[in-house]
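Spelled out, the chains give:
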Amino acid sequence: MDFKRAFAVLNTLVLRGLGSGIAVVFTVMVSRYLPTESAARFFLLFNISTIAAVCFRWGLDEVIIRRIARLLPGEVTGTARYLIALSHRRVSLWSAMSLVVALAAFHQIFDTVLGSIGFFDLTIALFAAAFIALTACIARVLQGSGRTNLATFLLNIVVPGLSLLGLLLLIGFKVPDPRDLIMLYACVAIIVYLAIIVSRYGNPLALLAAGFKLNWRNAECNAANKLGVVVFAQQVLSWVALLIVPYAYGEQAYQGFVVVQKVSTLISLTMLAVNFTFSRQFAAMYVEGRLQDLRRMVGYSLMAIIAASLGIIALLIPSRNWLFSYAQLDTDMTDLLLILLASQVFFSVSALFSVVLSMAHDDNYLFVTQTIINGAGAILFIIACHFLPLEAVSALLVTSYLALSVALGLRVNCITSASKVARV
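Quick summary incoming for the structure in this document. Along every chain, residues carry numbers that run from 1 in the direction the sequence is written. For a predicted model such as this one, the threshold for reporting local features is a pLDDT of at least 70, and the threshold for listing and counting side-chain atom pairs is 80 or more; totals across whole chains, interfaces and linings nevertheless cover every residue. Only hydrogens and water are removed before side-chain values are computed, so all heavy atoms of the structure are retained for them.

Description of the pattern of salt bridges
The condition is simple: Salt bridges are identified by distance alone: a Lys or Arg side-chain nitrogen within 4 Å of an Asp or Glu carboxyl oxygen. Partly exposed residues are those whose accessible area sits between 20% and 50% of the maximum for their type, while under 20% is buried and over 50% is exposed, using a 1.4 Å probe and protein chains only. Counting from the N terminus, the helices are DSSP H or I runs at least four residues long and the strands are E runs at least two residues long.
Under the definition given, this model contains four salt bridges. Note that arginine 290 and aspartate 293 form a salt bridge whose closest N and O atoms lie 3.3 Å from each other. Overall, the relative accessible area of 29% leaves aspartate 293 in the partly exposed class. Arginine 411 is the partner of aspartate 362 in a salt bridge, and the nearest nitrogen-oxygen pair spans 2.6 Å. Remark: arginine 411 occurs in helix 15 (residues 390-416) and aspartate 362 occurs in the loop between helix 13 (334-359) and helix 14 (363-384); sequence separation between them is 49 residues. With a relative accessible area of 10%, aspartate 362 lands in the buried category. Three or more residues joined by partner-sharing salt bridges are found here, namely Arg290, Asp293 and Arg296.

Following this line, the structure appears as structure tokens:
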């Protein structure tokens, strides 16, 4: 990896690190200043919103990167507006459908989780997810056109940063409750969305109306749907953990699990920086048939991810007791932290391979492999929650992500070893 590419990764890593650091501080502050029950309820709402934001895009953000990365600079503006209009249609339909499903199933499902989180609170969380999803689609246009700094700022820094600032202001006046925080998060999401959409694309209502008038090419629609399933399959195991733990282990364990899980995601910083910086180049190298260059870049990226992961672990382990104390966790969660750190190492490796295969249009293999391995892991996790302690159940994350890393890594090795590539 030459100096220019290394500097690009380092630059994105710093920005990603800032965003992840803010997110960790926000989580720890919520754990510290809210009672256990209130903190657990907010974390549940926040995690629902985070998961929904990914589902509402349903693979369109991956299609946006691939489509924009193939264009000449002069061709980006018109295509970007077309894709953003489509994203408004896609997100609005998913949002409406989720609200209908939530309303129909609320009393049977959500009303039994940690007491009642309130349908109004759930609605606010879903609205926040919609605006986060739309902002993410705009950021993917920027990423595909090479403007990674601004894209990183929109995806990882501005919303958690403003949310943390709002939390600090709230704490100065009162002890916030879950509704205060989810309202704060939603307001920040809306403000950020309006600021970026109006400045770049004009009236958002006009974009929404235009989105329903456009015809979407079947090939791109099918690719987005398939990639949506791939992204869902890639994340389903961690999502199941975030949503099932409060059922199986209670509020106190859930509060600690969310804090430790958020800290462990610092491991994935280098992977996110590499994928974010090079996804456009992965796609270009594959289309141009430069498979040896692609293989070499993947190898460098893998070494960087592993080395950085070990370094982050070496920093986190000695500081764990201070972290647990500041977050006011009553239980020593060292074992759980170690397990989740290990799972994040393998998740990061599998995510690198997944992005390479996605940019190589190997959607079918991703679809099948992610669905089988992570789907089986999620089912086993749910079943094991009824019989095993949280640490033992969490070890399934390590096993699943290790298996996924091997399966995807072998496929990447096969593709990059080929003598030629079909143009796409």
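Further notes follow.
Concerning the environment of isoleucine 171
Relative to the elements of secondary structure, isoleucine 171 occurs in helix 6 (residues 148-173). A residue is classified by how much of its surface remains accessible, and isoleucine 171, at 22% relative accessible area, is partly exposed. For the pair isoleucine 171 and leucine 34, spaced 137 residues apart in the sequence, the C-alpha separation amounts to 9.6 Å.

A word on the packing of helix 11 (residues 291-316) against helix 13
As a reminder, the rule being used: Orientation is described by lines fitted to C-alpha atoms, with helices fitted over the stretch in contact, and by angles between N-to-C directions that extend from 0 to 180 degrees. Note that the term roughly parallel is reserved for angles under 35 degrees, roughly antiparallel for angles over 145, roughly perpendicular for angles of 65 to 115, and oblique for everything else. Handedness of each helix crossing follows the sense of rotation of the near helix against the far helix: counterclockwise by less than a right angle gives left-handed, clockwise gives right-handed. Throughout, a residue-residue contact means that at least one pair of heavy atoms, one from each residue, lies within 4.5 Å. Only Asp, Glu, Lys and Arg are considered charged, only Ala, Val, Leu, Ile, Met, Phe, Trp, Tyr, Cys and Pro nonpolar, and every remaining residue, Gly among them, polar.
Closest axis-to-axis distance for the helix 11/helix 13 pair is 10 Å, and the angle between their directions is 160°. Relative to helix 13, the element helix 11 lies roughly antiparallel. Relative to helix 13, the crossing made by helix 11 is right-handed. For the pair helix 11 and helix 13, the contacting residues are Leu294, Val298, Ser301, Leu302, Ile305, Ser309, Ile313 and Leu316 in the first and Leu341, Val345, Ser348, Val349, Leu352, Phe353 and Val356 in the second. For the contact of helix 11 with helix 13, the per-class residue count stands at twelve nonpolar, three polar and no charged.

Re a nonpolar patch on the surface
Put simply, the test is: Only residues whose relative accessible area exceeds 30% and that take part in no salt bridge are eligible for patches, with like-charged residues grouped when within 9 Å of each other and nonpolar side chains (Val, Leu, Ile, Met, Phe, Trp, Tyr) grouped when within 5 Å. Exposure was quantified through the Shrake-Rupley algorithm and a 1.4 Å probe, taking into account, for residues, occlusion by the shown protein chains and nothing else.
Where nonpolar side chains cluster on the molecular surface, the patch consists of Ile379, Ile383, Phe387 and Leu388 and spans about 430 Å² of accessible area. Mapped onto the secondary structure, phenylalanine 387 falls in the loop between helix 14 and helix 15. Given a relative accessible area of 66%, phenylalanine 387 falls into the exposed group.

A short note on the nonpolar core
As a reminder, the rule being used: Nonpolar cores are built from buried Ala, Val, Leu, Ile, Met, Phe, Trp, Tyr and Cys residues. Side-chain atoms within 4.5 Å join them into one set.
Formed by 101 residues in total, the largest nonpolar core has its most connected members in Val30, Phe42, Phe56, Ile84, Tyr201, Phe257 and Phe381. With 15 residues, helix 5 (residues 119-144) is the largest single contributor of residues to this core. Once you skip the residues sitting within four places of it in the chain, phenylalanine 381 turns out to touch Leu237, Val240, Ala241, Val245, Val393, Ser394, Leu396 and Leu397. Counting 26 residues, the second largest nonpolar core, distinct from the first, contains Ile65, Val349, Leu357 and Val412.

Quick word on the environment of arginine 140
Take arginine 140: it is sitting in helix 5. Between the alpha carbons of arginine 140 and glutamate 62 there is a distance of 7.8 Å; along the sequence they are 78 residues apart.

A few points about the side chain of serine 348
We apply this condition: Identification of polar contacts relies on pairs of N or O atoms within 3.5 Å, with a donor-acceptor requirement for protein atoms, meaning one able to donate a hydrogen and the other able to accept it, and with residues adjacent in sequence counted only if both atoms are side-chain atoms.
Locating serine 348 in the fold gives a position in helix 13. What makes serine 348 buried here is its relative accessible area of 0%. A polar contact of 2.8 Å, which involves the side chain of serine 348, links it to the backbone oxygen of glutamine 344.

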